[in-house]
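Examination of the molecular architecture
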Amino acid sequence: MTLAARVIACLDVDAGRVVKGVNFVDLVDAGDPIELASFYGAAGIDELVFLDITASSSDRETTLELVRRSAEQVFIPVTVGGGIRRIEDIDALLRAGADKVSINTAAIARPELLREAAQRFGSQCIVLSLDARRELGQPSGFGVTTHGGRESSGLDAVQWAQKAAECGVGEILLNSMDADGTKAGFDLELIRAVRGAVNIPIIASGGAGVPEDFAAAINAGAQAVLAASIFHFGEVSIEQVKSALKADSIPVREPTKLVS
Amino acid sequence: MPPTVAVLDYGFGNVRSAVRAAEYVGATAVLSSDFNTCLNSDGLIIPGVGAFAACMQGIDRVRGGALIDARMVAGRPVLGICVGMQIMFEKGIEHGITTSGLGQWPGTVDQLVAPIVPHMGWNNVVPPASSTLFAGVESELFYFVHSYAVQEWVMTDTDPYQHPPTVTWSDYGVPFIAAVENGPLSAVQFHPEKSGEAGLTLIDNWISSLA
């Protein structure tokens with residue numbers, strides 16, 4: 001078995017434009033998600049996440065158009081998250097060409113959304129996005145947060161992951177709000193705690209600073225590793241991450257250049 | 001004239017990517033649920049995601065079984081992708097419930113038993129030398145996302161089949177079938193339209209083989 005550890009880049013998109021710092025000198029338009037997606041595709045990224053941080057519903061159509069263009073030009077899996085509240089939102093994104101959707105706040109308010117989504121569209125395309133933070137008083141020591149980590153939902157992170165898996169989600173995008181932005185490495189304790197409770201894939205997110213951090217997350221039990229700004233600013237390349245994973249005997253995908 | 005490819009639209013699968021991938025490698029591709037359009041194209045792609053039983057309902061609604069039978073009789077190529085591959089087999093078992101498939105091949109689609117399920121991500125395959133689909137990409141990884149698979153190939157080489165099948169295996173805790181090439185009928189468990197350049201090459205190989 002050589003299932004490769006997946007290396008994923010996350011792009012924050014607002015009204016169809018990439019925001020939050022992308023700094024590649026050789027891009028004509030660093031704000032164009034499709035151009036960035038193609039850049040990452042050529043660089044060997046295994047998967048992409050578009051996180052839609054658009055506030056207004058009138059911009060939703062812009063996001064759908066982005067997903068349509070993406071599906072037509074980027075031949076790797078794309079997950080879309082952000083602001084998904086209803087079955088209709090999921091349906092629209094999948095029809096536009098998203099391979100998976102990630103659901104966060106709406107599932108906290110109504111866990112049945114996960115079950116309904118998994119039954120209707122299949123587990124393979126429903127991802128739980130879980131923003132966790134250390135929280136005294138929670139059985140696992142980790143709580144589920146909302147509003148970018150500012151507020152506690154009152155839920156235990158490990159129990160919530162279990163509940164979501166029971167509802168049929170196919171994957172967990174596990175964001176550590178403690179590690180996020182620190183560049184001090186992924187939260188390995190959090191990954192181990194959730195790994196011990198579910199048997200679906202985990203994408204580790206938050207805290208990556210150097211290539212070696214990624215191998216530690218995989219060894220802690222994640223199947224995939226995600227980063228954003230360190231990739232966008234060119235601090236760490238996809239190639240460096242894969243080299244570090246390989247150096248730790250973790251299988252990676254190293255595509256051969258085939259299409260000229 | 002570039003070859004024409006129809007992608008069967010029956011409500012399941014990331015059809016946009018499949019159409020675009022076929023176009024990318026030079027085919028004229030359409031998304032269609034029209035019987036005649038799908039019957040007469042040079043190649044027909046059957047996509048599919050989600051549940052076996054739900055996909056079979058969708059296939060039945062567009063007379064997909066009769067469509068594929070008619071293409072097989074005429075020797076016209078069909079490529080099944082993911083659940084579009086699984087439904088080519090005799091039956092699928094989900095949550096203890098057995099659903100009949102199209103029965104183009106004997107065999108059963110059953111749950112993958114592995115520590116982490118779904119099998120999600122890029123995995124390698126082991127194509128025999130006779131494979132056309134994998135020419136030039138034998139060593140590449142392909143993108144899988146599935147919880148069920150055919151884990152036993154029950155057709156034997158000594159059976160009097162017109163086209164001896166070429167079976168490609170992969171492994172995720174257990175060996176399972178990653179692809180079958182059997183005369184006009186081919187199918188892959190992974191998503192070539194999501195497998196980067198390796199997947200595009202595979203689709204190119206298939207389209208190049210279209211009469």
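As a reminder, the structure under discussion sits directly above these lines.
Residues numbered from 1 in each chain as written. Chains lettered and ligands numbered in written order. Predicted model: local features only at pLDDT ≥ 70, side-chain atom pairs only at ≥ 80, totals over all residues. Heavy atoms only, no water.

Here we take up the overall build of chain B. Helices and strands together make up the secondary structure of chain B, namely six helices and 13 strands. For chain B, with 211 residues in total, the buried portion stands at 58%. A separation of at least 24 residues holds for 69% of the contacts in chain B among residues at least 6 apart in sequence. When the accessible surface of chain B is summed, it comes to about 7900 Å², and 52% of that surface belongs to carbon and sulfur atoms. Between the mean site of the 8 positive side-chain charges and the mean site of the 19 negative ones, chain B shows a separation of 11 Å. (Helix = DSSP H or I, 4+ residues; strand = E, 2+ residues; numbered from the N terminus. Buried < 20%, exposed > 50% of the residue type's maximum accessible area, 1.4 Å probe, protein only. Contact = heavy atoms within 4.5 Å. Areas by Shrake-Rupley, 256 points an atom, 1.4 Å probe, with all protein chains shown as cover. Lys, Arg positive; Asp, Glu negative; His and termini not counted. Charge placed at Lys NZ, Arg CZ, Asp CG, Glu CD.)

Turning to the packing of helix α2 (residues 60–73) of chain A against helix α3 (residues 87–96) of chain A, a few remarks are in order. Residue and element names in this part refer to chain A. At a closest axis distance of 8 Å, the pairing of α2 and α3 adopts a crossing angle of 30 degrees. Judged by residue contacts, L64, V67, R68 and A71 of α2 engage A92, L93 and A96 from α3. Residue classes in the contact of α2 with α3 are distributed as six nonpolar, no polar and one charged. (Axes fitted to C-alpha atoms, helices over the stretch in contact; angles between N-to-C directions. Nonpolar A, V, L, I, M, F, W, Y, C, P; charged D, E, K, R; others polar.)

Facing 37 residues of chain A, the contacting portion of chain B comprises 35 residues. Summing both partners gives a buried area of about 3000 Å² for chain A against chain B, and 59% of it is carried by carbon and sulfur. In this structure, the connection of chain A to chain B is made through two salt bridges. For A:D99, the salt bridge identified is with B:K194, shortest N-O distance 3.0 Å. Inspection of the region where chain A meets chain B yields 14 residue pairs in polar contact (both at pLDDT 80 or more). (Buried area = accessible area lost by both parts, 1.4 Å probe. Salt bridge = Lys/Arg side-chain N within 4 Å of Asp/Glu carboxyl O. Polar contact = N/O pair within 3.5 Å; in protein donor to acceptor, adjacent residues only side chain to side chain.)

A few words on the side chain of A:D131. Residue and element names in this part refer to chain A. By secondary structure assignment, the location of D131 is in strand β6 (residues 126–134). One buried charged residue, D131, forms no salt bridge at all, with the nearest opposite charge on R150 at 9.6 Å. Here the side chain of D131 touches N104 through a polar contact of 3.2 Å, side chain to side chain. Not counting chain neighbours up to four residues away, the residues in contact with D131 comprise N104, G143, V144, T145, N175 and M177.

Right, let's talk about the environment of B:L112 for a bit. Residues and elements named next belong to chain B. Tracing the sequence through the fold places L112 in the loop between β7 (105–111) and β8 (119–123). Separated by 35 residues in sequence, L112 and S147 have C-alpha atoms that sit 5.6 Å apart. Beyond its immediate sequence surroundings of up to four residues, L112 is in contact with V117, H119, H146, S147, Y148, A149, Q151, Y172, V174 and F176.

With that out of the way, let us pick up the sheet that holds strand β10 (residues 148–150) of chain B. All names here are of chain B. Taken in spatial order, the four strands make up an open sheet running β6-β5-β7-β10, and their pairing is mixed. Both outer strands of the open sheet, β6 (97–100) and β10, are each paired with one neighbouring strand and no more. Each strand axis lies, on average, 25 degrees off the axis of its neighbour in the sheet, ignoring direction. Two elements, β7 and β10, share three bridges in a ladder whose sense is antiparallel. Residue pairing across strands places Q111 opposite Y148, the latter belonging to β10. Most of the contacts of helix α3 (residues 52–61) go to β6, to which it runs at about 25 degrees, and overall it touches β5 (89–94), β6 and β7. (Pairing = 2+ DSSP bridges.)

A separate point is the sheet that holds strand β3 (residues 43–46) of chain B. All names here are of chain B. With mixed pairing, seven strands are arranged side by side in an open sheet as β2-β1-β3-β4-β13-β12-β11. Both edges of this open sheet fall to β2 (28–32) and β11 (166–172), since each of them pairs with a single strand only. Neighbour to neighbour, the strand axes of the sheet diverge by 25 degrees on average, direction disregarded. As defined by bridge partners, strand β1 (residues 4–8) adjoins β3 across three bridges and the pair is classed as parallel.

Moving on: the pattern of salt bridges. Two side chains carrying opposite charge are able to pair once their charged atoms lie near each other. Residue and element names in this part refer to chain B. In total, this model carries 24 salt bridges over all chains according to the counting rule given. Across the pair E23 and R20 runs a salt bridge, and its minimum N-O distance is 3.6 Å. Residue E23 and its partner R20 are located together in helix α1 (residues 15–24), separated by three residues, close to a single helical turn. Using a relative accessible area of 33% as the deciding quantity, one classes E23 as partly exposed.

So, on to α3(A). Counting buried residues in α3(A) gives seven out of ten residues, a clear majority hidden from the surface. Along α3(A), the residues that are buried comprise A:I87, A:D89, A:I90, A:D91, A:L93, A:L94 and A:A96. For α3(A), the elements touching its buried residues are α2, β4 (78–81), β5 (100–103), α5 (112–121) and β6 of chain A together with α1 of chain B. One or two steps after α3(A), the chain reaches A:G97, where phi turns positive at roughly 125 degrees.

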